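Here's the letter readout for the chains.
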Amino acid sequence: MADFSIIGKPTAMVDAAEKTTGAGKYTDDLRVPGMLIGKILHSPYPHARVKSIDTNRAEALDGVVAVVIGKDAPNPYGILPVGHDEHALALDKVRYVGDNVACVVATSESVAEKALELIDVAYEVLPAYFDPEESMKAKTDFIHENKPGNLEKDYHHAFGDPDRGFTEADHIAEARFIANEVTHAAMEPHSTLASFELDPHTGKLGRLTVWSSTQVPYYLQHKLSLVLEMPMSQIRVIKPLVGGGFGGKSEVIPLEIIAAVAARKAQAPVKITYTREEVFWAHRGRPRTIIDLKTGIKNDGRITAVKARVVQDGGAYCSYGVVTILYSGALLGALYDIPHIQYDGYRVLTNKPACGAMRGHGTVNVRFAFETQLDELAAKIAMDPAEIRQRNLLKPPCITVNGLRVQSYGLPECIEKTVERSGWKQRRGKLPKGRGLGIACSHYVSGAANSIIRSDMPHSTVNIKIDRDGGVVVYTGASEIGQGSDTMTAQVAAEVLGCSLARVRVIAADTDLTPIDIGSYSSRVTFMAGNATLRAAEDVKKRIAAAAAKKMGCAAEEITFRDDLILKKSYGGAGDSSAQDSHEADPSASLRADGRMRPSLHGSLTLPESQFWSASVSGRVEGQILRGSLQQKRKEEGPKEWMTFEEAVVAAIDFHGALTGTGSYAPPPEARGGKHKGGGVGPSPAYSYSAQVAEVSVDEDTGEVTVHKVWAAHDCGRALNPVAVEGQIVGSVWMGMGQALTEEMIWKDGMLMNAGMLEYRSPSSVESPEVESIIVESIDPEGPFGAKECSEGSLAATIPAIGNAIYDAVGVRLHESPFTPERVLAALRAKRNAKSLNMTGGIDPTAPARLREHGGSLCFGNKGPERHKVDPARNQNPASAGGAD
Amino acid sequence: LSLPQFRLLRPRAIEEAIDSLAIHANNVRVLSGGTDLIPSMRQKLFEPEFVLDLHGISDIRGIRVQSNGEVEIGALTTLSTVEKSSYLRQHFPVLTEAVATVASPVLRNMGTIGGNICLDTRCLWYNQSLTWRKGCGFCIKKDGDLCHVAPGGTKCWAAFSADTPPALLCLNAQIEIVGPSEKRRVPLLDFYTGDGVEYRRLLPTELVTRVFLPAESADYRGVYRKLRVRGSIDYPLAGVAVAMKRSKNRVEDARIAMTAVNPAPVLVQQAGEMLIGKTIDEALAEAVGDIAARTAKPLTTSALTPEYRREMIRVFTKRAVLAANN
């Protein structure tokens, strides 16, 4: 199986043409007859009771069809079964500035926006909590009544004997790290279009179809059924093209529920598309995280124990929070060999938009702290930072102290290759002043071994149907969100069936057509949907082989499929000898496809397969007629040494009837982790590994950091599509660099100061460094063709690699990300004992009291915001105006 | 966010434009490149009944060198045209350097020099959506009477955030203003008020039509240094322009101006004067930087802390002076 004809070769994305030409349709491009526009009214207060909502004036506006409020759909929902704390629209309380209060459905966006101004809401302002450590001290006015102390969830884990581990240590480092809040900033803002059909018998609203920019169509279907009280079979969710998710679309986002509720009330199709500001409010990004980390090592660099106390500022709703706080602890394991781990994690509610899953879910901030501290310890014992990492490698196959099973482990090779390519040994410490190199490692799951909703259901199922002319249709629930899932699916199917990629069409993520798949998150698609595709293809292949064997007068086991041919293994150059050529040894294997191996069809039909498929329509018809007669002729000739793919397919259909196959994947029980409370999060059938070296320079007068180059090695098991793997590595490094240097959500008393792409600064192409991506293939025993994840694992290493490079360049350790110029300069000043400047006072969200001085108007004692007399909210809001008048 | 509804006026000549302005007076906004006006209108910072689109007026577009050496730049000349002018690059390098840092290449293709001079002052509490501003409380600059940046204050501190005006101030540029009854030339220095709300001296019935670079300012060495988080797109968080003429290693004339740290671009007279007659060295550049930093009044109108931005004025001034000397 090592000699591949499809996988392992750089392959253009199957949807590349429609995306690059603009012909492709994203949700906001869709229109249906009679479609109306929905606009959401958001809360101006971070924490308030909703006393009353008067929609009369809004409903009276010309062009307004309906105004939807919380009572129209009061059922709670949430992505986690333990976190059903959200409602379509506020029922009794609003919990962050931007929380959803009402929705206007109107004939145009501008009418809907005008109507929003006419909705009269009376609020009773409540004390609000913005800092997690303050929030945990709350005695009254909890954000959710059933969460005392505003604690969403806490976990306390001890694996091994942490106390003993620290006693054995020769050196211990202990420090507080802060990673500030970041968001996905996907290119496409969320959009949902919901439309009901009329029931043919009753004439009332019947089936619901929802087109939405989602990573998880089946979860959306499930939550819609809860909120709308409809059976799932009456709801069809279709995922059009999605312009990036990064976790921001990996759960049900308020607009998806609101659009459906609004369509029901308006009795017409409704589309809602978020503004960029609303995308920031919907958020679900990476929480601001406070990490108190303690690590012990021996003199030889071996880690003896790790203790982490992690506090996550989770925002106002649970979202994926319970999973995030568990990942933060669980993924302390499975990268290095750590004998003793203690973990105390607190997921805290605050009056800010909910945090959720974001690329590298749960691992990134803790990894930043850990890799920085490990570097500090290496410096303490004067050990090369690359070497201290090599001293602590796992010895797989193994099960870590916290119950994670590791089988394939490319980390040693990742470290080796980045060190070699970056010239680490020759260059580190010898670069000009202000320039430095830093190294860090990271890892990530290839999908969670346990799904959110515990059940024995397979995590992925794939169906394949093959048409009479040899066209292969793959039905998968996996969501293509730009990461290449459809292309991967087509490649795997084509590889197994030995047919050309052009034959394969992928129908994905439509709950009416495709079998269930739990979605595109936690980097599970290649591993799980890939395995399901492989099994479905094997299933259908078996049927073809059986029919072909009969025609060829041999046993099914004697047949091999490749290059659109079905051959006896003993035939020509297609026998076992070539099948044993290793992929690595002969990378040009594909070149043989059309040339050497294709048997001549008695000189009469010489069109190679590829030309046949790209021929004009009339040519194709003629070709088919020609082929039909040839096939007939060949049929009459008796047993063959080989058949074309179509001949074999026709034979199989003649023999079996419809030619279909199905396959599914569920992670094996032994990969599902320990039995401890919360032990279900963290286990994965396989882990990806990454090592990175960053080269930076620091301007010591301004604190500005420039990243010149990043060498990033990633163990993805096997690169099914190397160009897509490289894209994911580069994207991860780039996104990690954003979090390392420039991206940060800035809050003032619950107001997000930078809810837009101008002030929330994702890096531009100007400061994007060269990224040398290095693919490492450890060939996982359970991955499809040995493949593992490649989309998330690299991100976490970038932040500490840059931080460690800054240390190498100018000798300062930064414990708070992002490393903005002011933070770097403050650290440089502190190191030089130069005149210290208050560099962070104005924006540091750890100091809300000080921010109020800057913010001026918002003061949450017992007094509401002081509002201007023309502020409409003041006149209609006796509760808040009382203090000010 | 939808654009508010408005009627678009498309005059073909200046006189026609001035007539329209006179008729619609306070209910009109002038559109040239639109790179700032359009997003601001979506945020409902402006909801005019009329938008006056200047694009059809061709005679205020382009760069002309007069026989006396003075350079005339039409207000509608795009920033990329200014950036690419080899004449300006050769003789007025400080302007070329400054204009090349405005926003991004795509935005410079739309944005105009007149628009950059007239750019609305900016503040984190002002450049926000209507919903946001309602949540926070309206401020002096728009609909309110309090200031979030200087609590208790009655003055608006929104930062003037264009890149070309400090360069133009260093060049002693003048602008032509056309109104219903007159056409006048004023030094750019007199155009700005230092107040964040009424940030320019321009009647609602008037238009800025041309910029003039005096012949005497030609061939000054020039440098512009801009503080921003990203290498592109960002508005300046602090900016310093230096124009300098030397003879025999001594400074014959020098002017230094800053942007983005006050409600107006500021010509730091004292700093320029300090250089005259001297040979520039590290210490002198440092001293000039100190003066500039003292003149800057950065507040929490923008990203990065005020303390840091003031510090960067010091560093950037020093560096710009040294670079101009090289």
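The rules behind each value
Residues numbered from 1 in each chain as written. Chains lettered and ligands numbered in written order. Predicted model: local features only at pLDDT ≥ 70, side-chain atom pairs only at ≥ 80, totals over all residues. Heavy atoms only, no water. Helix = DSSP H or I, 4+ residues; strand = E, 2+ residues; numbered from the N terminus. Rg over C-alpha atoms; globule rule 2.2 N^0.38 Å. Buried < 20%, exposed > 50% of the residue type's maximum accessible area, 1.4 Å probe, protein only. Contact = heavy atoms within 4.5 Å. Areas by Shrake-Rupley, 256 points an atom, 1.4 Å probe, with all protein chains shown as cover. Pairing = 2+ DSSP bridges. Axes fitted to C-alpha atoms, helices over the stretch in contact; angles between N-to-C directions. pLDDT = per-residue confidence, 0-100. Polar contact = N/O pair within 3.5 Å; in protein donor to acceptor, adjacent residues only side chain to side chain. Salt bridge = Lys/Arg side-chain N within 4 Å of Asp/Glu carboxyl O. Parallel < 35°, antiparallel > 145°, perpendicular 65-115°, else oblique. Nonpolar A, V, L, I, M, F, W, Y, C, P; charged D, E, K, R; others polar. Left-handed = near helix turned anticlockwise from the far one by under 90°. Disulfide = S-S within 2.5 Å. Phe/Tyr/Trp six-rings, centres within 6.5 Å; stacked < 30°, edge-to-face > 60°. Core = buried A, V, L, I, M, F, W, Y, C linked by side-chain atoms within 4.5 Å.

S.K.: So, the overall build of chain B: which residues are in play, and what are the values?
M.R.: Within chain B, the regular secondary structure consists of 12 helices and 12 strands. For chain B, whose C-alpha radius of gyration is 19 Å, the value lies close to the compact-globule estimate of 20 Å for 326 residues. Each of the three principal axes of chain B carries a C-alpha extent, and together these read 60 × 50 × 35 Å. Going through the 326 residues of chain B one by one, you find that 63% of them count as buried. Contacts in chain B between residues far apart in sequence, at least 24 positions, make up 63% of those at least 6 positions apart.

S.K.: Go over the overall build of chain A, please, and point to the residues and values.
M.R.: Tallying secondary structure elements over chain A gives 25 helices and 31 strands in all. When contacts within chain A are restricted to residue pairs at least 6 apart in sequence, those whose partners lie at least 24 apart make up 79%. On chain A, roughly 30400 Å² of surface is accessible, and the fraction owed to carbon and sulfur atoms is 53%.

S.K.: I'd like a description of the sheet that holds strand β24 (residues 642-644) of chain A, backed by residues and values.
M.R.: All names here are of chain A. As summarised here, the arrangement of the 3 strands in space is β22-β23-β24, forming an open sheet in which the pairing is antiparallel. Each edge of the open sheet carries a strand with a single partner, namely β22 (559-562) and β24. Direction aside, the axes of adjacent strands within the sheet are offset by 20 degrees on average. For strand β23 (residues 565-568) and β24, the ladder comprises 3 bridges, and the chain directions are antiparallel. Its bridge partner being in β24, Leu 565 is matched across the sheet by Thr 644. Its contacts with the sheet place helix α15 (residues 525-552) against β22, β23 and β24, and it is angled at close to 120 degrees to β22.

S.K.: Which residues make up the confidence of the model for chain A, and what are the values?
M.R.: Taken residue by residue, chain A gives an average pLDDT of 89. The fraction at 70 or more is 86%. Below a pLDDT of 50 lies the segment residues 574-617 of chain A, which in the model reaches 69 contacts outside its immediate sequence neighbourhood of four places, other chains included.

S.K.: Run through the sheet that holds strand β30 (residues 770-776) of chain A, naming residues and quoting values.
M.R.: Residues and elements named next belong to chain A. With respect to topology, 4 strands assemble into an open sheet ordered β18-β26-β27-β30, the strand pairing being mixed. Two strands bound the open sheet, and with one partner strand each, they are β18 (435-445) and β30. On average, each strand axis in the sheet is tilted by 15 degrees relative to the strand beside it, whichever way the strands run. Note that β18 and strand β26 (residues 687-698) share 11 bridges and pair antiparallel. Its bridge partner being in β26, Ile 439 is matched across the sheet by Val 693.

S.K.: Please provide a residue-by-residue account of the pairing of strand β7 (residues 183-187) of chain B, values included.
M.R.: All names here are of chain B. Sheet analysis places strand β6 (residues 174-178) next to β7, joined by 5 bridges and oriented antiparallel. Residue pairing for β7: Glu 176 is matched across the bridge by Arg 185. Linking two consecutive strands that pair antiparallel, namely β6 and β7, is a turn of 4 residues.

S.K.: Explain the environment of B:His148 to me, using residue names and the numbers behind them.
M.R.: With respect to the helices, strands and loops of the structure, B:His148 is situated in the loop between α8 (130-136) and α9 (164-170). A distance of 2.8 Å separates the side chain of B:His148 from the backbone oxygen of B:Gly137, its partner in a polar contact.

S.K.: Talk me through the pattern of salt bridges; I want residue IDs and the actual numbers.
M.R.: Per the stated rule, a full pass over the model turns up 76 salt bridges over all chains. Between A:Glu113 and B:Lys44 there is a salt bridge, and its shortest N-O distance comes to 3.0 Å. Residue A:Glu113 is found in helix α3 (residues 109-116), and its partner B:Lys44 is found in the loop between α2 (37-42) and β3 (50-53); the two belong to separate chains. Comparing A:Glu113 with B:Lys44, the two get one shared label, buried.

S.K.: If you had to explain the packing of helix α22 (residues 821-832) of chain A against helix α12 (residues 306-325) of chain B to someone new, which residues and values would you point to?
M.R.: For the pair α22(A) and α12(B), interaxial distance at closest approach is 11 Å and the crossing angle is 75 degrees. If you check the angle between α22(A) and α12(B), you find them roughly perpendicular. In this structure, α22(A) contributes A:Pro821, A:Glu822, A:Leu825 and A:Arg829 to the contact, and α12(B) contributes B:Tyr308, B:Glu311, B:Met312 and B:Arg314. Across the contact of α22(A) with α12(B), the residue classes break down as 4 nonpolar, no polar and 4 charged.

S.K.: Quick one: what's the story with the packing of helix α14 (residues 485-497) of chain A against α15(A), residue by residue and with numbers?
M.R.: Residue and element names in this part refer to chain A. Where α14 contacts α15, the axes come no closer than 8 Å and their chain directions differ by 30 degrees. With respect to α15, the axis of α14 lies roughly parallel. Our pair here, α14 against α15, has a crossing hand that is right-handed. Two secondary-structure elements touch here, α14 through Ser 485, Met 488, Thr 489, Val 492, Ala 493, Val 496 and Leu 497 and α15 through Val 525, Thr 526, Gly 530, Thr 533, Leu 534, Ala 537, Glu 538, Val 540, Lys 541 and Ile 544. For the contact of α14 with α15, the class distribution of residues is 10 nonpolar, 5 polar and 2 charged.

S.K.: Explain the side chain of A:Thr289 to me, and be specific about the residues and the numbers.
M.R.: All names here are of chain A. In this fold, Thr 289 is placed in strand β13 (residues 288-297). Judged by its relative accessible area of 2%, Thr 289 is buried. At 2.9 Å, the side chain of Thr 289 forms a polar contact with the side chain of Asn 365. Look past the residues within four positions of Thr 289 in its chain and what remains in contact with it is Phe 177, Ile 178, Ala 179, Val 310, Val 311, Gln 312 and Asn 365.

S.K.: Let's hear about the state of the cysteines: which residues, and what values?
M.R.: Residues and elements named next belong to chain B. Within this structure, the stated rule accounts for 0 disulfides over all chains. Cys 156 supplies the cysteine sulfur nearest to Cys 147, a cysteine that is in no disulfide, at a spacing of 6.3 Å. Residue class for Cys 147 comes out buried when judged on its relative accessible area of 9%.

S.K.: Help me get a handle on the packing of aromatic side chains, residues and values and all.
M.R.: All names here are of chain A. Under the definition given, this model contains 14 aromatic pairs over all chains. Between Tyr 96 and Tyr 317, the aromatic rings sit 6.2 Å apart at their centres with planes inclined by 85 degrees, giving edge-to-face as the arrangement. With Tyr 96 in the loop between β4 (93-94) and β5 (100-106) and Tyr 317 in the loop between β14 (303-313) and α9 (321-330), this residue pair connects regions lying 221 residues apart in the sequence. Tyr 317 shares its class with Tyr 96; the two are buried.

S.K.: I'd like a rundown of the nonpolar core, residues and numbers included.
M.R.: Residues and elements named next belong to chain A. By size, the foremost hydrophobic cluster in this structure holds 118 residues, and its most contacted members are Ile 802, Ile 806 and Phe 819. A total of 10 residues in this core trace back to one element, the largest contributor, which is helix α21 (residues 795-810). Beyond its immediate sequence surroundings of up to four residues, Ile 806 is in contact with Val 696, Val 698, Val 705, Gly 811, Val 812, Leu 814 and Phe 819. Formed by 53 residues, the second largest nonpolar core is a distinct cluster that contains Phe 527, Met 552, Phe 561 and Met 643.

S.K.: Can you break down the environment of A:Val121 residue by residue, with the values?
M.R.: Residues and elements named next belong to chain A. Tracing the sequence through the fold places Val 121 in strand β6 (residues 120-125). Its relative accessible area of 9% is what places Val 121 among the buried residues. Counting along the chain gives 411 residues from Val 121 to Ala 532, while the straight-line C-alpha distance between them is 51 Å.

S.K.: I'd like to hear about α9(A), residue by residue, with values.
M.R.: Residue and element names in this part refer to chain A. Counting buried positions along α9 gives 10 out of 10 residues, so the element sits mostly inside the fold. Looking only at α9, the buried set comprises Gly 321, Val 322, Val 323, Thr 324, Ile 325, Leu 326, Tyr 327, Ser 328, Gly 329 and Ala 330. In this structure, the buried side of α9 is in contact with β7 (151-159), β14, β15 (341-348), α10 (364-380) and β18.

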